[in-house]
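Structural characterization, general
Here's the letter readout for the chains.
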Amino acid sequence: MLPGTGRAAVTIWTRDPGRIVRPMDEPDASTQRGRGRPAADLSAAAIVAGCIVDISGVPVALSASDDRRGGVLSAALGRLPAHAGPPVAQIAFASRIPPRPEAPPDESYAGMFHVWRRGAELYLAHGTQTAGRVTVDGAEFGGSPTPAFRHLMPLALGHILGFSGRFVVHAGVIGWDRKVALVFGDSGSGKSTLAIAGLQAGWRVLSDDLAIVQAHRNRVGVTTLGLPLVFPDDVLDAPIRGSRPLAGDPRHRWTLSVPRDSKWRPVSDILLPHRDTVSGGSLAPLASLEVFEQAVSAFVAATEPLLLRRYLPIAGALSRVPGWRVGLAPDPGTRRDGLAKVLEAVLSGPAPSSKGSRGS
C-alpha cells in the first residue's frame, strides 16, 4: 500500500517487455470517477478521488491523501487530458516522507533542493519538508504540500518518462502554422520574454519553460503539460489580456494560462534567446554543435548516465534542426515589433514535412 492512502494493490500491465504484469498500488475504485473529467477540471478533489491522466501518451494514476496535497500536485502537473487506462505509472502524495538515503546528495540546488540518483531509482527532497522516491513505475511523495513541490515534479517526470522514450527538457515551445520551435536557454536568458513577445507578435505559445520530446515520425516531436506561462513584469509594454500577477511571488512576476495541447508536433526550429543591445533585435544561425550542447544541457536528467544514453539520439537529431540565436531588444516598447520581424525570418524557412530524414 502507498503510505497514508490505505489503497490496495491491483495487477496492471507495465511497459517492461520482460515482465507481463506486476502488483501496483492504484487509486481506489473511485478512479473511474476521475477518468471522464476534462483537463481543465483536474482539481484537487479529482486527484484525491483517484484519476488517470495522459502524460505525453503515458497513462499515469494520480492520488493524494487530502485536498492540499492534491492541489499542489494538480498545480505542478498543468492541464492534462483524462486517460482510460490502465495506468503504467503512478504519482502519489501522502503525509509520510519516504526514508532519506544516508549518503550525501549527488546534487544540490539553492541549498534546499537535493537529488540522489541510484540508476533506476531517484530520491528528491526540498529541505526536510517534502521528499519523494521515484522509480521506473512512478513516484511516492510525502511531507508538506508547499509551493516548492513544483520544482521537484519536472525531475520526477524526467525520470519516469525517460524509461518510456519521452524526455523532459527545460524549453519553451512556440509555433506558427506548421512551424514549431523549441526555445532553449538557461534561467534568465529570455525564454519567457521570447515566449511573451512571440505571443504578442501572433505566434502560438504552448510553454515557456517545460516540454517533452521524443522520436516521432522520423523527426523529433514535442508536446507540453499545459502549464501557465510565468514571466517578469518588465517583459510587457502593456498587460496581455487574461494575464494577472502571480499570487505570493516575491519576484512580482505575472502568469497567463495557455490552451491545452497534448498533440505531438514535429520540431522545425531551435531558438536560443539572448539579451541584445540592438533596438530591433537580431537573428543569427546556430552551429549544430551548439544546438546539441543546448539540447543536452536542457535535459532534466542530463546527470543520470542511464537516461542520458537514451536521450543522446534525440539531442543528435535536434542538432540537425535549423537553429537560431535570437537577440531580444532591450526596450519592451520596441521588442514586440523587432521580434515580429526576427521571427518572420524564421517563418521563411521550409516547414517540416510529414516524411523526412531529420530526427531519430
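Summarised in this report is the structure supplied together with it.

Rules used in this analysis
- Per chain, the residues get numbers from 1 upward, laid out in the order the sequence is written.
- Predicted model: local features are reported for residues with pLDDT of at least 70 only, side-chain atom pairs are reported and counted for 80 or more only, and whole-chain, interface and lining totals are derived from all residues.
- Processing note: side-chain calculations cover all non-hydrogen atoms of the structure and skip hydrogens and water entirely.
- Should DSSP find at least two bridges between two strands, the strands are taken to pair.
- Working definition: helices are DSSP H or I runs of at least four residues, strands are E runs of at least two. Numbering for both runs from the N terminus.
- Any two residues having at least one pair of non-hydrogen atoms within 4.5 Å are treated as being in contact.
- Axes here refer to lines fitted to C-alpha atoms; in helices the fit is confined to the stretch in contact. Angles between the N-to-C directions go from 0 to 180 degrees.
- Burial status follows relative accessibility: with a 1.4 Å probe on protein chains alone, a residue under 20% of its type maximum counts as buried, one over 50% as exposed, and anything between as partly exposed.
- Working rule for handedness: look at the near helix, and if it is turned counterclockwise from the far one by less than a right angle, call the crossing left-handed; if clockwise, right-handed.
- What makes a salt bridge here is a side-chain nitrogen of Lys or Arg within 4 Å of a carboxyl oxygen of Asp or Glu, nothing more.

Section: the sheet that holds strand β11 (residues 167–169)
By way of backbone hydrogen bonds, the strands of a sheet pair with one another, either parallel or antiparallel. Pairing within the open sheet is antiparallel, and its four strands lie in the order β11-β15-β16-β20. Each end of this open sheet is capped by a strand with a single partner; those strands are β11 and β20 (265–266). Sitting on the sheet, helix α4 (residues 149–162) is in contact with β11 and β15 (211–216), with an inclination near 150 degrees to β11.

A short note on helix α3 (residues 67–77)
Where α3 is concerned, the buried positions are R69, G70, V72, L73, S74, A76 and L77. Close packing links the buried residues of α3 with α2 (44–49), β3 (51–55), β4 (58–64), β5 (89–94), β10 (138–143) and α4. Following α3 by one or two positions, G78 has its phi on the positive side, about 80 degrees.

Description of the pairing of β3
Counting buried residues along β3, five of its five residues qualify, which places the element largely inside the surrounding structure. Burial along β3 is two-sided: the residues C51, V53 and I55 and I52 and D54 are all buried.

Some details on the sheet that holds strand β17 (residues 229–231)
Taken in spatial order, the three strands line up as β17-β19-β18 in an open sheet, and their pairing is antiparallel. A strand with exactly one partner marks an edge of an open sheet, and here the two such strands are β17 and β18 (244–245). As paired strands, β17 and strand β19 (residues 254–256) are joined by three bridges and run antiparallel to one another. Bridge assignment links L229 to a residue of β19, and that residue is L256.

Observations concerning unusual backbone geometry
Put simply, G85 and P86 share a cis peptide bond, and its omega is 0 degrees. Its place among the elements puts P86 in the loop between α3 and β5. Residue A110 is not a glycine yet carries a positive backbone phi of 55 degrees. With respect to the helices, strands and loops of the structure, A110 is situated in the loop between β6 (107–109) and β7 (113–118). The class for A110 is exposed, based on a relative accessible area of 75%. For D177, which is not glycine, the phi torsion reads 55 degrees and is therefore positive. With respect to the secondary-structure elements, D177 resides in the loop between β12 (172–176) and β13 (179–183).

Comments concerning the environment of A156
Along the polypeptide, A156 turns up in helix α4. On the accessibility criterion, A156 (0% relative accessible area) is buried. C-alpha of A156 to C-alpha of G132: the two residues are 24 residues apart in sequence and 8.5 Å apart in space. Residue contacts for A156: discarding those within four places in its chain leaves L124, V134 and F141.

Side note on the packing of helix α6 (residues 288–298) against helix α7 (residues 305–318)
Two measures define how a pair of helices packs: the angle their axes make with one another and the distance between the axes. Interhelical geometry of α6 versus α7 gives an angle of 145 degrees and a closest axis separation of 9 Å. The handedness of the crossing between α6 and α7 comes out as right-handed. Taken together, the residues of α7 that come into contact with α6 (itself represented by V291, F292, A295 and V296) are L308, Y311, L312, A315, G316 and L318.

Details of the pattern of salt bridges
Using the criterion set out here, one finds seven salt bridges in the structure. The partner of R69 in a salt bridge is D66, and the shortest N-O contact between them spans 2.4 Å.

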